[in-house]
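Here is how the chains run, residue by residue.
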Amino acid sequence: MWTSEARGFRDRRAAGKLLAHELAASGALGESPGRVVVVGLARGGVEVAAEVAASLGAPLDALAVRKVGHPWQPEYGIGAVAPGGVRFIRSHDGLTEQQVAQAVHAAEVKAEILDVSLHERVARVPVANATCVLVDDGLATGGTMLAAILWARAQGARRVVVAVPVGAAVTVREVEREDGVDTVVCPVTPLEFGAVGSWYDDFQQVSDDDVVVLLAGSREGVTTSASAELVAGDANLPADLTAPPHPIGWVVFAHGSGSSRRSPRNLQVASVLHEARIATLLFDLLTPEEELDRRNVFDVELLAERLVVATRWLRGRPEARELPVAYFGASTGAAAALLAAAELGESITAVVSRGGRPDLAGPRLAEVRSPTLLVVGGADPVVLDLNRAAAGLLTCPHELVVVPGATHLFVETGALEHVASLASSWFTKHFEPAGSPAAGAPRVGGSR
């Protein structure tokens, strides 16, 4: 480790190599870090992060975090912002609420422009359920890093590790005290810091094109994600698409009552599907205004219409063409999935229902041709009875699996993991072409 008196790096790449070595030697990632994603703070931090990602064999992404400058002294930061509405404000410093709001808005515009510039050319890498390593070329006041930490937690990162080659000692201690941080790695922590650039012999500006080249060069074999918006009649519905390398098929999620595309349970199931090379589409079935009317949550015909629109929209995208499509539904979303499957026929390869209400699909259950797996908790007796009755109306290949001791939301230890494993096996079996090794895999087990 360097001492606090050590001065200077040749350039950001040299700093990144040192940081990668220090990160490995420190044991900061732990013995079983799971999936690791390295995120560089754009722009300069990405050049450092590229070396860290290469050393770890981890995917690389860039975060468009921007400083909120003081209106009278733009170089002086009063906070920072990151995509997704993430805001960190350190101090108002004599400004009114309106002046702060204007400064935040100006920074958000810059962040949005930068984010679009980077990710319209190279898709995002999801950090949900991953160890997220946040990298910058230095920590001066730390505002942008603190905003990045908030962003990583909001994205569902399992662990957050901050890694920088150099940082002011007082700032490093401040970041270490943040609740959202698991570990901080910083080899050089001088008491007298100055500007970040003073620690580099070569501190050339990094352009958007430079960042894109770094990201593109790291993407072979990396799971990518993108946000989009699909139109269903008068409704604009946000959507998140995630694709692992060489996917075998797509699963469209239909969330349950009172939930959204960011449902933690569905995200957990989706992460298991990604490990099985299954791509996912999660989207909001209702607009925020529609959700205010509770009747819409149980309008399974409306939800099914939205699901059909989403499926046709997905099939029109280049990354989904020629690949099979299946549904994963929960609660009322399961009824919508079965209605949509009845509408689209054999073009829907399979359906999985988690704690669903297939009974709400009524007589159209008999029209479903997609192999269907119904998964219900053993401690959810009412829904279990409804699923048994619905299974009696299905004429397609189907199974009912009971997860012992699980309640409706599968919050018990290991219950949701069991659901995800069952779903992954079901989709994989039906996505694989007939005659392939996976197609002959054993049937999923469980209590029936």
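Caption draft 1: Just the overall build of the protein, in detail. Counting secondary structure elements, the protein contains 13 helices and 16 strands. The C-alpha radius of gyration computed for the protein amounts to 24 Å, which stays within 12% of the reference 22 Å derived for 448 residues, consistent with globular compactness. Taken along its principal axes, the extent of the C-alpha atoms in the protein is 75 × 50 × 40 Å. Counting only residues that meet the buried cut, the protein has 55% of its 448 residues in that class. Restricting the contact set of the protein to residue pairs at least 6 apart, pairs at least 24 apart contribute 67%. Accessible surface, the protein: about 19300 Å² in total, of which carbon and sulfur atoms supply 52%. The protein carries 39 positive and 52 negative side-chain charges, and their two centres are separated by 3 Å.

Caption draft 2: Structural view of helix α10 (residues 300-315). Here α10 contains 16 residues, and its C-alpha end-to-end distance of 22 Å stays within 8% of the 22 Å for a straight helix at 1.5 Å per residue. Residues of α10 that are buried include every one of Val300, Leu302, Leu303, Ala304, Arg306, Leu307, Val308, Ala310, Thr311 and Leu314, and no others.

Caption draft 3: Spotlight on the sheet that holds strand β10 (residues 235-243). As summarised here, the arrangement of the 8 strands in space is β9-β10-β12-β11-β13-β14-β15-β16, forming an open sheet in which the pairing is mixed. Looking at the sheet topology across the chains shown, the edges are occupied by β9 (224-232) and β16 (398-403). Each neighbouring strand pair of the sheet contributes to a mean axis angle of 20°, computed without reference to strand direction. Helix α7 (residues 264-275) contacts β10, β11 (249-254), β12 (278-283), β13 (325-330) and β14 (348-354) of the sheet and is inclined by roughly 160° relative to β12.

Caption draft 4: Expanded view of the pattern of salt bridges. As enumerated under the stated definition, the model contains 22 salt bridges in all. Note that Glu174 is salt-bridged to Arg90, the shortest N-O span being 2.9 Å. With Glu174 in helix α5 (residues 169-176) and Arg90 in the loop between β5 (86-89) and α3 (97-119), this pair connects stretches of sequence that are 84 residues apart. Residue classification places Glu174 among the partly exposed residues on the basis of a relative accessible area of 23%. Taking the relative accessible area as the measure of exposure, Arg90 reaches 33% and is therefore partly exposed. For Arg262, the salt bridge identified is with Asp240, shortest N-O distance 2.7 Å. With Arg262 in the loop between β11 and α7 and Asp240 in strand β10, this residue pair connects regions lying 22 residues apart in the sequence. For Asp240, a relative accessible area of 13% translates into the label buried. Where salt bridges share partners, they join Arg12, Arg13, Lys17, Glu47, Glu51 and Asp137 into one cluster.

Caption draft 5: Looking closely at the packing of α3 against helix α6 (residues 208-217). At a minimum axis separation of 9 Å, α3 and α6 run at an interaxial angle of 45°. Here α6 runs oblique to α3, going by the angle between their axes. Two packed elements cross with a definite hand, and for α3 against α6 that hand is right-handed. Along its contact with α3, which presents Leu114, Ser117 and Leu118, the element α6 presents Asp208, Val211 and Val212. Among the residues forming the contact of α3 with α6, the class breakdown is 4 nonpolar, 1 polar and 1 charged.

Caption draft 6: Inspection of α5 at higher detail. Within α5, burial applies to Ala169, Thr171, Val172 and Val175. For α5, the angular spread of the buried residues around the axis is 160°, confining them to a single face. In this fold, the buried residues of α5 make contact with α4 (143-154), β7 (159-163) and β8 (183-185).

Caption draft 7: Inspection of the sheet that holds strand β1 (residues 36-41) at higher detail. Taken together, the 5 strands give an open sheet; going across it, the order is β2-β1-β6-β7-β8, and neighbouring strands pair in parallel fashion. Looking at the sheet topology across the chains shown, the edges are occupied by β2 (60-63) and β8. Ignoring strand direction, the axes of neighbouring strands in this sheet form an average angle of 25°.

Caption draft 8: Looking closely at the packing of aromatic side chains. Inspection of every chain in the model, using the stated rule, returns 5 aromatic pairs. On the basis of an interplanar angle of 25° and a centroid distance of 6.0 Å, the ring pair of Phe193 and Trp199 is categorised as stacked. An identical accessibility class is assigned to Phe193 and Trp199; each is buried. Here Tyr200 and Phe203 contribute two aromatic rings whose centre-to-centre distance is 5.2 Å and whose plane-to-plane angle is 35°, an arrangement assigned as tilted. For Tyr200, a relative accessible area of 6% puts it in the buried group. With a relative accessible area of 33%, Phe203 lands in the partly exposed category. Through a chain of ring-to-ring contacts, the aromatic side chains of Phe9, Tyr200 and Phe203 assemble into a single cluster.

Caption draft 9: Summary view of the pairing of β9. Note that β9 and β10 share 9 bridges and pair antiparallel. Within β10, the residue paired with Ser227 across the bridge is Asp240. In this structure, the hairpin formed by β9 and β10 is closed by a connection of 2 residues, where Gly233 is found at a positive phi of approximately 65°.

Caption draft 10: Structural detail: the environment of Glu322. Inspection of the secondary structure assignment puts Glu322 in the loop between α10 and β13. As a C-alpha pair, Glu322 and Ile248 span 74 residues in sequence and 10.0 Å in three-dimensional space.

Caption draft 11: Local environment of the confidence of the model for the protein. A residue-level look at the protein finds 94% of positions with pLDDT of 70 or above and a mean pLDDT of 90. Note that pLDDT drops below 50 for residues 1-5; the model gives that stretch 10 contacts with residues more than four away or on any other chain. Here residues 434-448 is a poorly scored stretch, pLDDT under 50, and it has 25 contacts once near neighbours within four places are set aside; other chains count.

Definitions and cut-offs
For every chain, the first residue of the written sequence is number 1, and numbering continues from 1 onward in sequence order. Only residues with pLDDT of 70 or above have their local features reported here, since the model is predicted, and side-chain atom pairs are shown and tallied only from 80 upward, although totals for entire chains, interfaces and linings are computed over all residues. Excluding hydrogens and water, the side-chain figures rest on all heavy atoms present in the structure. Every helix listed is a DSSP run of H or I at least four residues long, and every strand listed is a run of E at least two residues long, numbered separately from the N terminus. Here the radius of gyration uses the C-alpha set of atoms, whereas the globule reference equals 2.2 Å times the residue count to the power 0.38. Burial classes: relative accessible area under 20% of the type maximum marks a residue as buried, over 50% as exposed, and values in between as partly exposed (1.4 Å probe, protein chains only). Working rule for contacts: check all heavy atoms of both residues, and any pair within 4.5 Å makes them a contact. All accessible areas in this document rest on Shrake-Rupley with a 1.4 Å probe, and a residue is counted as covered only by the protein chains that are shown. When charges are counted, neither His nor the chain ends are considered; positive counts come from Lys and Arg and negative counts from Asp and Glu. Charge placement uses NZ in Lys and CZ in Arg. For Asp and Glu, CG and CD serve respectively. Given the number of residues in a helix, its expected span is that number minus one, multiplied by 1.5 Å. At least two DSSP bridges between two strands are required for those strands to pair. Throughout, an axis means a line fitted to C-alpha atoms (over the contacting stretch in the case of helices), and angles, computed between N-to-C directions, take values from 0 to 180 degrees. The rule for a salt bridge is simple: a side-chain nitrogen of Lys or Arg has to be within 4 Å of a carboxyl oxygen of Asp or Glu. These descriptions rest on fixed angle ranges, namely under 35 degrees for roughly parallel, over 145 for roughly antiparallel, 65 to 115 for roughly perpendicular, and the rest for oblique. If you view the pair so one helix is near and one far, a crossing is left-handed when the near helix is turned anticlockwise from the far one by less than a right angle, and right-handed when it is turned clockwise. Gly is placed with the polar residues, together with every amino acid not listed as nonpolar (Ala, Val, Leu, Ile, Met, Phe, Trp, Tyr, Cys and Pro) or charged (Asp, Glu, Lys and Arg). By construction, the arc corresponds to the directions joining the helix axis to the C-beta atoms. Note on aromatic pairs: the rings of Phe, Tyr and Trp (six-membered ring only in Trp) are paired at centre separations within 6.5 Å, and the planes decide the class, stacked below 30 degrees, edge-to-face beyond 60, tilted for the rest. Predictor confidence is given residue by residue as pLDDT, running from a minimum of 0 to a maximum of 100.

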